[in-house]
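# Survey of secondary and tertiary structure
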Amino acid sequence: MNHQETSISRAEPDRVKTGVIQLLEAIQAKHGYLPKEELYRVARETNKPLVDIYGVATFYRAFSLVPRGRHLISVCLGTACHVRGGPTVAKEVEKILGIKAGQTTEDREFSLETVNCLGACALGPVMVIDGHYYPKVQIARVGEIIEAVKLGQKERLVETDQRLFPLEVSCSRCNHSLMDSRHAIDGHPVIRVTVAFDNKHGRMVLSSVYGSYKVESEHPIPEDTVVNFFCPHCHAEMIGGAKCGECGASMVPMIVRGGGIVQICSRKGCKGHMLDLGGVVID
Amino acid sequence: MITLHINGLKVQVEEGTTVLEAARFLGFPIPTLCHMEGLSPYGACRLCVVEIGQEPNSRLVSSCTFPVEEGLHVRTASRRVMRARKMILELLLASCPQSKVIQDLASEFHITQQRFRQEYEDCIMCGLCVRMCKEQMMSGAIGFRGRGQKRSIGTPFDITSDVCRQCGGCIYVCPACMLRCTYTEPEKAICGGCANISIPCYVKDQFKDMMCYMDPCVACEIKKD
Ligand code: FES
Ligand code: FES
C-alpha cells in the first residue's frame, strides 16, 4: 500500500484539501486509470462517502476505472467530423483493433475513445493519437497510421529541430487564414489572434517563424498565465483536446497551410509546441 | 414575511419557503413525485411545474425548488401548466409503466395512453432513495453513477456497500420499482427471496433495534415467535 500512499499525500501535499476532481486527476495521471483502492483512499482522506467519489469518477469521460492502453486514440464524432465520415473512421479503427469505443486492446497497447469535437473542425474527420493530430483521415490510411503508431511515433521524432522556417496558419475551426502581412516580426508576416486572460481581452500577434516564440500583445501578459486564444474571424475559441507535454495547459491547434497542424502551448512563457505535418511528426 | 399571489389569492408566507409549500399550505394541490418532506428538494421529476409571472412573460418552474419572491404571481393549474404536466406524466408512463404511483397520477390527470416509445425502466432517476440514504439514514451507500443515458443509481462498483445499513429506506421511498414485497409469511411472499436472505436485524445483534422501513417484513414475524 506504500507506493500508493505517495500518490495523494506526497505528490500532492497541498492538494489534500482541494477538490475531488484534482485528486482524481492526479491519480489518473499517475496510473493512467483510477484503481479501486485509490478511490477508497480518496473517500477516506476527503471524508466523503465512497459513492460520491465513485459518482464523480464515472461521470467524467476523462477518468477511467479500467486500465488504459499505452496509446490513446480519440476519433472525433463532432458535428463537422460526423458529416465528413467520422463514424466510418471510428468503425475502421474498431475493426482494425478489434475493440469497441471505450475499450482497450488485450495487449494494453491501444485504447479507443470517441469524442465530440477536437477543435479542428476544418480538418475533419480528425483523429488524435497521443496528442498528435491526424487531419482529413482517409479510411484506407487508418491501418497505416495505427501501424506507424505501433512502431513508435517516438522513433520518428526529430529530436532537436533547430531549423527556423515560417509557417502559414489558419484557424482550426473556420479555416480562415490568420496571417497578417501588414505587420512583421522576424521579417515575416505575423499570426494575428485575439486573446483573453484575467478579464482582459485584446489582440495579439505571434511570430510565424517556427521556433521563434516572439509575441506582441495589446495587453502585456504576465509570465505563466494561461491565455485563451480566439479566432479573430469566427470568434471560436481555438482549443483542442490535447494538453501541453511540458506544463499541462491546453494546446492551441492551428492549421498549417499545405497540410498539417501546429499546436502551441497556451501558457505564456511555456515553449511547449508540437508540429504534425501530414503524419510526419516533428516535435 | 413575503407577499405573493397564488391563483389570484394574496398570501403572506415566511421567507425561504418554496412555492410548493406555500401553495399546499393554501390548499392548492400540486402533484409531486421526487419531493418528500424531510429530504432536500431536488427538482428531478418536474411534475410540480407551476407558471410564474404575468402572461406574455410567464414561465414554468418547478415549484418544489423555487423559493417565494415578493410580489410573485403563481398559477398552479393554468392551461399551460396542465399541458406540461400531462406531457411529463406521459413521458414517465413511457419509461416506467409498471409503477403504481405513476399509474395513479396518470389516471388522476385522465391520461389513458402515451405517445412515446414504450420502455420498461425500473428507475426514473428521481433520487429519492439517494437522498433518503444520505440525509435521513446518514449512510451514503447508494448514489448516482455515470452520466447521460448510462446514468444509474447504485452502490460503488456494484458490490454490496459496507456502509449500507440494510434499513430498506431506499425501497420504501421508491415510487417506481415497487420492489418491496408486503407479504408477511414466507409462503405467501411473491418470490420467497426474503425468507432465504439473512436479514441483518435477525442475525446480528447490533441491528436488533435499528430503525427500519421494511415493515411488514418476514424478519419481524420470525422474531415475534
Ligand atoms: S467536429 Fe471534429 S474537430 Fe470539431
Ligand atoms: S416534485 Fe418538484 S420536480 Fe419533482
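The present account deals with the structure reproduced in this document.

Definitions and cut-offs
Residues numbered from 1 in each chain as written. Chains lettered and ligands numbered in written order. Predicted model: local features only at pLDDT ≥ 70, side-chain atom pairs only at ≥ 80, totals over all residues. Contact = placed C-beta atoms within 7 Å. Helix = DSSP H or I, 4+ residues; strand = E, 2+ residues; numbered from the N terminus. Nonpolar A, V, L, I, M, F, W, Y, C, P; charged D, E, K, R; others polar. Pairing = 2+ DSSP bridges. Axes fitted to C-alpha atoms, helices over the stretch in contact; angles between N-to-C directions. Parallel < 35°, antiparallel > 145°, perpendicular 65-115°, else oblique. Left-handed = near helix turned anticlockwise from the far one by under 90°. Expected span 1.5 Å × (residues − 1). Buried ≥ 20, exposed ≤ 12 C-beta atoms within 10 Å, placed from the backbone. Arc of directions from axis to C-beta.

## A look at the interface of chain A and chain B
With 9 residues of chain A at the contact, the number on the chain B side is 12 residues. The element that contributes the greatest number of residues to the side of chain A that touches chain B is helix α4 (residues 50-59) of chain A, accounting for 7 residues. Considered class by class, the residues forming the side of chain A that touches chain B number 5 nonpolar, 2 polar and 2 charged.

## Quick look at the sheet that holds strand β1 (residues 71-76) of chain A
Residues and elements named next belong to chain A. Taken in spatial order, the 4 strands make up an open sheet running β2-β1-β3-β4, and their pairing is mixed. Of all strands in the sheet, those bounded by a partner on one side alone are β2 (110-115) and β4 (132-134). Here the strands of the sheet are splayed against their neighbours by 20° on average, with no regard to which way each runs. Sheet strands in contact with helix α6 (residues 86-97) are β1, β2 and β3 (127-129), and its direction is about 150° off that of β1.

## Re the pairing of strand β4 (residues 59-62) of chain B
Residues and elements named next belong to chain B. Relative to β4, strand β3 (residues 49-52) is paired through 4 bridges, and the arrangement is antiparallel. Bridge pairing in β4 links Ile-52 to Arg-59. From the end of β3 to the start of β4, which pair antiparallel, there are 6 residues, and Gly-53 there has a positive phi angle of about 90°.

## Side note on the packing of helix α3 (residues 36-46) of chain A against α4(A)
Residues and elements named next belong to chain A. Direction vectors running N to C along α3 and α4 enclose 125°, while the axes themselves pass 8 Å from each other. As summarised for this structure, α3 and α4 are arranged oblique, according to the angle between their axes. Judged by the twist between their axes, the crossing of α3 over α4 is right-handed. Listed contacts from α4 to Leu-39, Tyr-40, Val-42 and Ala-43 of α3 are Leu-50, Ile-53, Tyr-54 and Ala-57. For the contact of α3 with α4, a count of residues per class yields 8 nonpolar, no polar and no charged.

## Notes on helix α2 (residues 79-95) of chain B
Because each turn of an α-helix spans 3.6 residues, side chains separated by three or four positions end up pointing in the same direction. Residue and element names in this part refer to chain B. Its 17 residues place the ends of α2 25 Å apart at the C-alpha level, agreeing with the 24 Å of an ideal helix rising 1.5 Å per residue. For α2, the set of buried residues is Val-81, Arg-85, Leu-89, Leu-92, Leu-93 and Ser-95. Buried positions in α2, seen along its axis, are confined to an arc of 165° and lie on one side of it. Exposed side chains of α2 directed beyond 90 degrees from the buried face belong to Arg-79 and Arg-83. The inward-facing, buried residues of α2 contact β3, β4, β5 (73-75) and α3 (100-108).

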